[in-house]
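# Analysis of the macromolecular model
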Amino acid sequence: MNRILIIGATGRVGRQVLSQLPATGVRVRALARNPHTAALPPHVQLVRGDLTVAETLDECLHGIDAVFLVWTAPPAAVAPALERIAKHARRIVFLSAPLKTAHPFFQQPNPLRTVAAQIERLIESSGLQWTFLRPGMFAANALSWWAPQIRAGGDVVRWPYVAAPTAPIHERDIAAVAVRALCEAGHAGAEYVLTGPESLSQSEQISTIGSVIGRSLRIEEISPDDARRELLALMPASIVNMLLDAWAAAIGQPAFVTSTVAELTGAPARTFRDWATDRAAEFRA
């Protein structure tokens, strides 16, 4: 029986991986800096560990066959952590980014992209069997971007570049591909670009949320400068600038869409409407 360690288990994708793995019959372990506050399902074995303190990873990795990695620590901790992982596990599935996708939306420089590329290089030279998952825009970003405005009770959503199209992906679909890469043969050396099934403008996405929750939302487009000032309260300047540049670059062309989820899982990728329906309660006041 395979034994799998999830690093990043409390995040959106990590939790979905944890929820889907039991159906495969594997044993699941999760790394947690504080197991008492992780709030993970009872089937998960929680082990205390810290990516920034490499020696704490040995207990987490003991007897582990494969690792699902979502990197959340400082870049300086990458090399020693991967060295420990390579001593114990034989396979790693890394949640990366669409670094090699030519569509201009994905080609804006930013620190997270640089770190992901660094991690990939270290994994490739580690001796581990590896699979890189390259999801595009997460549908779940809408919870940070638009849900606060919608929950506030008004029917106006203020946002920049509302015509910019993306193909938002449901976190369940990212996890479904991850589970197959962790549990099945044939995924070593694969780089999977994952998107939702359709190109939708940001305006269409907001309207879809309104339709799902039974409200007619009005979209007010704001300037990039106004957006920058407002978004700096939500995220670092480097990420704000990357997003604004990406949306600007995406105007006038459809989003990059792949069929990878359907090909690997045998089920069509969930639509943005599916995602919004699943999370409708989080948009209601």
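Just above, that's the structure.
Reading the values: rules and limits
Residues numbered from 1 in each chain as written. Predicted model: local features only at pLDDT ≥ 70, side-chain atom pairs only at ≥ 80, totals over all residues. Heavy atoms only, no water. Helix = DSSP H or I, 4+ residues; strand = E, 2+ residues; numbered from the N terminus. Rg over C-alpha atoms; globule rule 2.2 N^0.38 Å. Buried < 20%, exposed > 50% of the residue type's maximum accessible area, 1.4 Å probe, protein only. Contact = heavy atoms within 4.5 Å. Areas by Shrake-Rupley, 256 points an atom, 1.4 Å probe, with all protein chains shown as cover. Lys, Arg positive; Asp, Glu negative; His and termini not counted. Charge placed at Lys NZ, Arg CZ, Asp CG, Glu CD. Phe/Tyr/Trp six-rings, centres within 6.5 Å; stacked < 30°, edge-to-face > 60°.

Here we take up the overall build of the protein. For the protein, the helix and strand inventory stands at 12 helices and 11 strands. Computed over the C-alpha atoms, the radius of gyration of the protein is 19 Å, within 12% of the 19 Å expected from 2.2 N^0.38 for a compact globule of 285 residues. Expressed as a percentage of the 285 residues in the protein, the buried residues total 51%. Look at the contacts in the protein between residues 6 or more apart in sequence, and 76% of them connect residues 24 or more apart. Carbon together with sulfur atoms contributes 52% to the accessible area of the protein, which is approximately 12,400 Å² in total. Across the protein, 27 positive and 25 negative side-chain charges occur, with their mean positions spaced 5 Å apart.

Bringing the packing of aromatic side chains into the picture now. Applying the stated criterion to the full structure yields 11 aromatic pairs. Between Phe106 and Phe256, the ring centres sit 6.5 Å apart and the planes meet at 90°, which makes this aromatic pair edge-to-face. Taken together, the residues Phe106 in the loop between strand E5 (91-95) and helix H4 (111-124) and Phe256 in the loop between helix H10 (237-250) and helix H11 (260-265) connect sequence positions 150 residues apart. For Phe106, a relative accessible area of 12% corresponds to the buried category. Using a relative accessible area of 32% as the deciding quantity, one classes Phe256 as partly exposed. When the centroid spacing of 5.5 Å and the interplanar angle of 25° are considered together, the rings of Phe272 and Trp275 count as stacked. Pair noted here: Phe272 and Trp275 are both in helix H12 (residues 272-278), with a separation of 3 residues, about one helical turn. Side by side, Phe272 and Trp275 carry an identical accessibility label, which is buried. Connected via pairs of aromatic rings, a cluster forms that spans Trp145, Trp146, Trp159 and Trp247.

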